[in-house]
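# Architecture and fold: a report
Spelled out from the first residue to the last, the chains are:
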Amino acid sequence: MGKLTSMLGLLLTHPLEFRTLVHFYLYHETKRDITAQQEHPTSGWDRASMRRCWEFLDMTSRSFAAVIKELDGDLARTICMYYLILRGLDTIEDDMTIPDEKKQPILRQFHNLTVTPGWNFTENGPDEKDRSLLLEYHIIVEEVNRLPPQYKTVILDICQKMENGMADYAHKAATNGTIYLQTIADYDLYCHYVAGLVGEGLTRIWSASGKEAFFLCDELELANSMGLLLQKTNIIRDFREDVEERRFFWPREIWAKYGFNEMKDMYEKGDVEHATWIQSGMVLDALRHACDSLDYLRLLKNQSVFVFCAVPVSMAMATLALCFMNPEMFQRNIKIRKAEAAHLIMRSTNTREVALIFREYARKIHHKAKPHDPNFLKISVMCCKIEQWCEQNFPSFVILGERGPIYDSADKRTAIFRAEEKRVAQRLAADPKNTPLPQDLFPWELAAYVVGAMLLMLGLSALIVWVMLKFIPQA
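Below is a short write-up of the structure. (Residues numbered from 1 in each chain as written. Predicted model: local features only at pLDDT ≥ 70, side-chain atom pairs only at ≥ 80, totals over all residues. Heavy atoms only, no water.)

With that settled, the discussion passes to the overall build of the chain. Looking only at helices and strands, the chain features 24 helices and two strands. Radius of gyration (C-alpha) of the chain: 31 Å, far over the 23 Å computed for a compact globule of 475 residues. Reported as C-alpha extents along the three principal axes, the dimensions of the chain are approximately 110 × 65 × 50 Å. Nonlocal contacts in the chain, meaning residues at least 24 apart in sequence, comprise 70% of its contacts between residues at least 6 apart. Looking at charge distribution, the chain has the averaged site of its 56 positive side-chain charges lying 4 Å from that of its 62 negative ones. (Helix = DSSP H or I, 4+ residues; strand = E, 2+ residues; numbered from the N terminus. Rg over C-alpha atoms; globule rule 2.2 N^0.38 Å. Contact = heavy atoms within 4.5 Å. Lys, Arg positive; Asp, Glu negative; His and termini not counted. Charge placed at Lys NZ, Arg CZ, Asp CG, Glu CD.)

Now for helix 21 (residues 351-368). Taking 1.5 Å per residue, 18 residues should reach 26 Å; helix 21 reaches 26 Å between its end C-alpha atoms and fits that length. Residues of helix 21 that are buried in the fold lie against helix 13 (220-237), helix 17 (272-287), helix 18 (290-298), helix 19 (303-323), helix 20 (338-347) and helix 22 (376-393). Measuring from the backbone nitrogen of arginine 352 back to the side-chain oxygen at the start of helix 21 gives 3.2 Å, which picks out asparagine 350 as the cap. (Expected span 1.5 Å × (residues − 1). Polar contact = N/O pair within 3.5 Å; in protein donor to acceptor, adjacent residues only side chain to side chain.)

This part takes up the side chain of serine 314. Positionally, serine 314 belongs in helix 19. Overall, the relative accessible area of 0% leaves serine 314 in the buried class. Apart from residues lying up to four places away in sequence, serine 314 is in contact with Leu344, Ser348, Val354, Ile357 and Phe358. (Buried < 20%, exposed > 50% of the residue type's maximum accessible area, 1.4 Å probe, protein only.)

This next bit is on helix 5 (residues 62-69). Restricting attention to buried positions, one finds in helix 5 the residues Ala65, Val67 and Ile68. Close packing links the buried residues of helix 5 with helix 4 (48-60), helix 6 (75-94) and helix 19. One side-chain oxygen of the residue at the start of helix 5 lies 3.2 Å from the amide nitrogen of phenylalanine 64, identifying that residue as serine 61.

In the structure shown here, the tally under the stated rule is 21 aromatic pairs. Pairing tyrosine 190 with phenylalanine 249 gives two aromatic rings, centres 4.9 Å apart and planes at 20°, and the pair type is stacked. Here phenylalanine 249 lies in the loop between helix 14 (239-244) and helix 15 (252-255) and tyrosine 190 lies in helix 12 (residues 184-209), a separation of 59 residues in the sequence. Since its relative accessible area comes to 10%, tyrosine 190 is described here as buried. Judged by relative accessible area, phenylalanine 249 falls into the buried class, the value being 11%. An aromatic cluster is present here, built from Phe64, Tyr83, Trp206 and Phe308 joined pairwise through their rings. The aromatic ring of phenylalanine 56 is capped on one face by arginine 52, whose charged end is 4.3 Å from the ring centroid. (Phe/Tyr/Trp six-rings, centres within 6.5 Å; stacked < 30°, edge-to-face > 60°. Lys NZ or Arg CZ within 6 Å of the ring centre and 35° of its normal.)

The sheet contact formed by strand 1 (residues 398-401) and strand 2 (residues 404-407) spans four bridges and is antiparallel. In the strand pairing of strand 2, isoleucine 399 is matched with isoleucine 406. The loop that links strand 1 with its antiparallel partner strand 2 comprises two residues. (Pairing = 2+ DSSP bridges.)

Attention shifts here to the environment of isoleucine 79. Position of isoleucine 79 relative to the elements: it lies in helix 6. A sequence separation of 158 residues divides isoleucine 79 from arginine 237, and the C-alpha atoms of the two residues are 26 Å apart. If sequence neighbours within four positions are ignored, isoleucine 79 has contacts with Ile68, Leu71, Leu202, Ile205, Trp206 and Phe308.

Proximity of charged atoms lets side chains of opposite charge pair with each other. Tallied over the entire structure, the rule returns 31 salt bridges. Its salt-bridge partner being aspartate 285, residue arginine 288 comes within 2.8 Å of it at the nearest N-O pair. In this structure aspartate 285 comes out as buried when scored by relative accessible area, which is 5%. (Salt bridge = Lys/Arg side-chain N within 4 Å of Asp/Glu carboxyl O.)

Next up on the list: the packing of helix 6 against helix 12. When two helices pack together, their arrangement is given by the angle between their axes and by how far apart the axes lie. Look at helix 6 against helix 12: their axes get within 11 Å of each other, and the N-to-C directions meet at 160°. When the axes of helix 6 and helix 12 are compared, the pair comes out roughly antiparallel. Considering how the two elements wind past one another, helix 6 and helix 12 form a crossing that is right-handed. Within the contact between the two elements, helix 6 uses Leu75, Thr78, Ile79, Tyr82 and Leu86 and helix 12 uses Leu197, Val198, Gly201, Leu202, Ile205, Trp206 and Ser209. (Axes fitted to C-alpha atoms, helices over the stretch in contact; angles between N-to-C directions. Parallel < 35°, antiparallel > 145°, perpendicular 65-115°, else oblique. Left-handed = near helix turned anticlockwise from the far one by under 90°.)

With that settled, the discussion passes to the packing of helix 4 against helix 6. Where helix 4 contacts helix 6, the two axes come as close as 10 Å, and the packing angle between them is 60°. As the angle between them shows, helix 4 and helix 6 are arranged oblique. Crossing hand, helix 4 versus helix 6: left-handed. For the pair formed by helix 4 and helix 6, the contact residues are Met50, Cys53, Trp54, Phe56, Leu57 and Thr60 on the first element and Ala76, Arg77, Cys80, Met81, Tyr83, Leu84 and Arg87 on the second.

The subject of this paragraph is the state of the cysteines. By definition, a disulfide links the sulfur atoms of two cysteines through a covalent bond. On inspection of all chains with the given rule, the structure shows zero disulfides. Residue cysteine 291 stays outside any disulfide, its sulfur separated by 7.8 Å from that of cysteine 390, the closest cysteine. Owing to a relative accessible area of 19%, cysteine 291 belongs among the buried residues under this scheme. Free of any disulfide, cysteine 309 has its nearest neighbouring cysteine sulfur in cysteine 217, separated by 15 Å. (Disulfide = S-S within 2.5 Å.)

Our focus in this paragraph is unusual backbone geometry. In the Ramachandran plot, arginine 246 falls in the positive-phi region, its phi being about 60° despite a non-glycine side chain. Along the chain, arginine 246 falls in the loop between helix 14 and helix 15. Positive phi, normally seen in glycine, also occurs at methionine 325, with a value near 55°.

Let us look at the side chain of serine 207. Its location among the elements puts serine 207 in helix 12. If near-sequence neighbours (up to four positions away) are discounted, serine 207 is found in contact with Glu212, Ala213, Phe214, Leu216 and Cys217.

Remember, this is a structural readout, not a statement about activity or role.
Have a look at this one:
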């Protein structure tokens with residue numbers, strides 16, 4: 001009833017958004033049903049332990065659960081386990097009720113504990129939202145040990161790298177009372193540990209599955225950059241929530257130069273102008289990963305893998321545009337509207353469309369930029385880089401039609417393309433090797449050649465028969 005009421009309210013207040021959501025619910029079909037009988041060998045739904053893992057996935061992340069379940073073959077089950085392992089690790093790291101002396105050995109041995117039969121963790125605080133995952137972690141262990149070796153090796157390697165980084169930051173927080181990141185380099189390193197490594201692991205799993213090119217596992221810089229775009233977007237959006245919980249992820253290098261001593265001063269002092277300048281600096285830093293993310297998406301060939309990667313980065317660009325120069329972000333946690341999210345999900349099906357999404361939101365950011373902002377020029381350059389990437393890879397004067405590409409006659413580049421096309425045709429025509437056969441060769445001369453060849457073959461056959469009869473004595 002509540003959902004029906006909200007939809008009716010949306011119809012009255014935002015009719016276009018109502019139409020988008022109706023289209024999404026009616027026409028966006030689920031690509032795969034992991035509960036179907038034919039999917040059991042790869043999804044593991046026929047096992048009670050794996051069904052519980054799918055339940056944990058729904059409990060811990062409803063947004064990620066939808067795209068994970070649509071991955072092809074055994075990738076869905078593998079990425080489900082990968083997500084739950086890292087969620088368990090993150091739950092221990094985030095729990096401030098666990099003493100550091102107890103937390104450190106658990107974090108640094110988590111990759112071994114993850115494959116230790118029967119292991120679980122019961123000492124999380126009562127308010128930890130994912131506590132139940134660790135209480136039943138022995139189920140996760142059971143399913144992890146069923147994974148093929150090529151996947152299990154990658155997951156445990158990433159887990160080991162991530163757990164050491166998390167342990168270092170957890171120890172720093174326990175020693176100093178909180179974490180303050182001083183420089184952008186520190187910020188990048190933190191985001192690498194919590195998100196870049198996730199992208200590295202996913203990329204190696206894509207290659208190991210055979211569903212993506214073998215060389216993709218070497219493109220770890222691009223994978224890391226896309227992970228950083230997603231993580232930095234979340235850090236920007238969750239500013240108020242993180243500050244209130246004493247998690248300070250914005251690097252001091254960006255905000256301290258505007259006269260703020262603490263991050264909470266950005267909303268307590270009422271200095272909105274300088275706060276939005278800091279905000280634009282954070283968005284600028286996130287945008288430097290946009291083109292790398294597009295380059296990464298261009299390398300993907302499996303549709304389910306592409307959608308899995310494309311939808312989050314499209315939403316990240318929409319979130320950055322929403323947060324940019326928006327003072328509301330300092331007062332509460334803001335999110336893009338459901339209809340906009342649905343629209344992005346339906347559009348994010350190919351590289352060209354995702355590039356156009358990036359360009360649209362880059363233009364919105366540039367439109368909102370203010371000339372007196374110290375980051376104005378850098379923001380403009382970064383938005384232009386996204387425009388340049390789109391033009392270089394998907395020129396706007398080429399319009400895709402039902403019968404093939406159409407060239408925009410109003411664009412001067414079409415005239416250049418036509419002139420080049422004409423020069424190529426003239427060069428080919430001038431080459432004797434490319435001289436076309438005369439039109440009057442067909443059909444009479446061709447028929448004469450064919451008949452002549454047949455008569456020659458018949459003559460040779462008759463000659464051979466005559467020689468055999470004449471000179472070979474009969475038995």
